[in-house]
Amino acid sequence: MIGSIKGKVAYLANEYCLLETNSGVGYRVFMPAAHLGELTVGAETRVHTYMAVREDAILLFGFLTQDYYNLFLMLLSVSGVGPKVALGILSAVKPDAFYLAVQSRDLKVLTKLPGIGKKTAERLLLELKDKVGGIGGDDDSSFADVATFSGGSAVNEAIEALCALGYSNSEIMPALKQIPNQAELTSEAIIKQALKLFAGRK
């Protein structure tokens, strides 16, 4: 099994890149959209890879970071989720945001992901709840703390937006605890207050 590839980016497409090694062999590697966006033709890179063997094809899926690769493998462990669906999920959401959705049992967020209907979302919650429990940060991002904020859609939308901006669960949860009267605020107001708190720590 090919665990990683180091080579130059010879070609970039919408769903994959072509990595050419020093031996002259080029590998077509399917990657999340965000990771493809970080690549430049002619630049050298290393990707963590997963090789999927089917009756009609052998496909390589690659990731620039270990956390994306780990989540990809975790998604494949869920019945009904194949490599293409798992890749679609990772193209739409960052690992921290996905873990948060599972920890807070947020079906609304999961069903927005490409290829994920209600039944598949329910399977994700059922089969991953024990695996995801301790992932995503320190005690501030545990399920007990996440559940505190799972009641209002405005708070959930704010959490999702902050995750998309690159903040982790362990940064978001302590900030939300400092914002009073959350139930009365819009998601935009929560985001603005959280960003002010983040800026104050710098």
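Keep in mind the model is a prediction, meaning the values are calculated, not measured.

Peer 1: Help me understand the side chain of Thr49 in this model?
Peer 2: Mapped onto the elements, Thr49 comes out in strand β4 (residues 44-53). Judged by relative accessible area, Thr49 falls into the buried class, the value being 0%. Polar side-chain contacts of Thr49 include one of 2.7 Å to the backbone oxygen of Ile2.

Peer 1: Sorry, what's going on with the environment of Arg28 here?
Peer 2: By the element assignment, Arg28 lies in strand β3 (residues 26-30). Look at Arg28 and you get partly exposed, because its relative accessible area is 47%. For the pair Arg28 and Ala13, spaced 15 residues apart in sequence, the C-alpha separation works out to 10.0 Å. When near neighbours in sequence (up to four residues on either side) are disregarded, Arg28 contacts Tyr16, Cys17, Leu18 and Leu60.

Peer 1: Where do I start with the sheet that holds strand β1 (residues 4-12) in this structure?
Peer 2: The strands that make up a sheet are held in pairs by hydrogen bonds between backbone atoms, and each pair lies either parallel or antiparallel. Reading around the circumference, β1-β2-β3-β5-β4 is the order of the 5 strands in this closed barrel, with mixed pairing throughout. Ignoring strand direction, the axes of neighbouring strands in this sheet form an average angle of 55°. Two elements, β4 and strand β5 (residues 58-63), share 6 bridges in a ladder whose sense is antiparallel. Looking across to β5, one finds that Met51 is bridged to Leu60. In this fold helix α2 (residues 66-76) packs onto β4 and β5, with an angle of close to 5° to the strand it touches most, β4. Packed on one face of the sheet, helix α3 (residues 83-92) meets β3, β4 and β5 and runs near 20° to β5.

Peer 1: Please clarify how the pairing of β3 should be interpreted in this entry.
Peer 2: A regular strand carries its side chains on alternate faces of the sheet. As paired elements, strand β2 (residues 16-20) and β3 share 5 bridges and run antiparallel to each other. In the sheet register, Cys17 faces β3, and the bridge partner there is Val29. Here β2 hands over to β3 after 5 residues, with Gly24 in that stretch at a positive phi of 95°.

Peer 1: Any chance you could explain the packing of aromatic side chains here in plain terms?
Peer 2: Considering all chains together, one arrives at 8 aromatic pairs under this definition. When the ring of Phe30 is compared with that of Phe61, the centres are 5.9 Å apart and the planes differ by 35°; the resulting orientation is tilted. With Phe30 in strand β3 and Phe61 in strand β5, this pair connects stretches of sequence that are 31 residues apart. Note on accessibility: Phe30 and Phe61 belong to one class, buried. With 5.5 Å between their ring centres and 65° between their planes, Tyr50 and Phe72 make a pair best called edge-to-face.

So, how was this worked out
Residues numbered from 1 in each chain as written. Predicted model: local features only at pLDDT ≥ 70, side-chain atom pairs only at ≥ 80, totals over all residues. Heavy atoms only, no water. Helix = DSSP H or I, 4+ residues; strand = E, 2+ residues; numbered from the N terminus. Buried < 20%, exposed > 50% of the residue type's maximum accessible area, 1.4 Å probe, protein only. Polar contact = N/O pair within 3.5 Å; in protein donor to acceptor, adjacent residues only side chain to side chain. Contact = heavy atoms within 4.5 Å. Pairing = 2+ DSSP bridges. Axes fitted to C-alpha atoms, helices over the stretch in contact; angles between N-to-C directions. Phe/Tyr/Trp six-rings, centres within 6.5 Å; stacked < 30°, edge-to-face > 60°.

So far we have only geometry, and geometry alone does not tell us how the molecule works.
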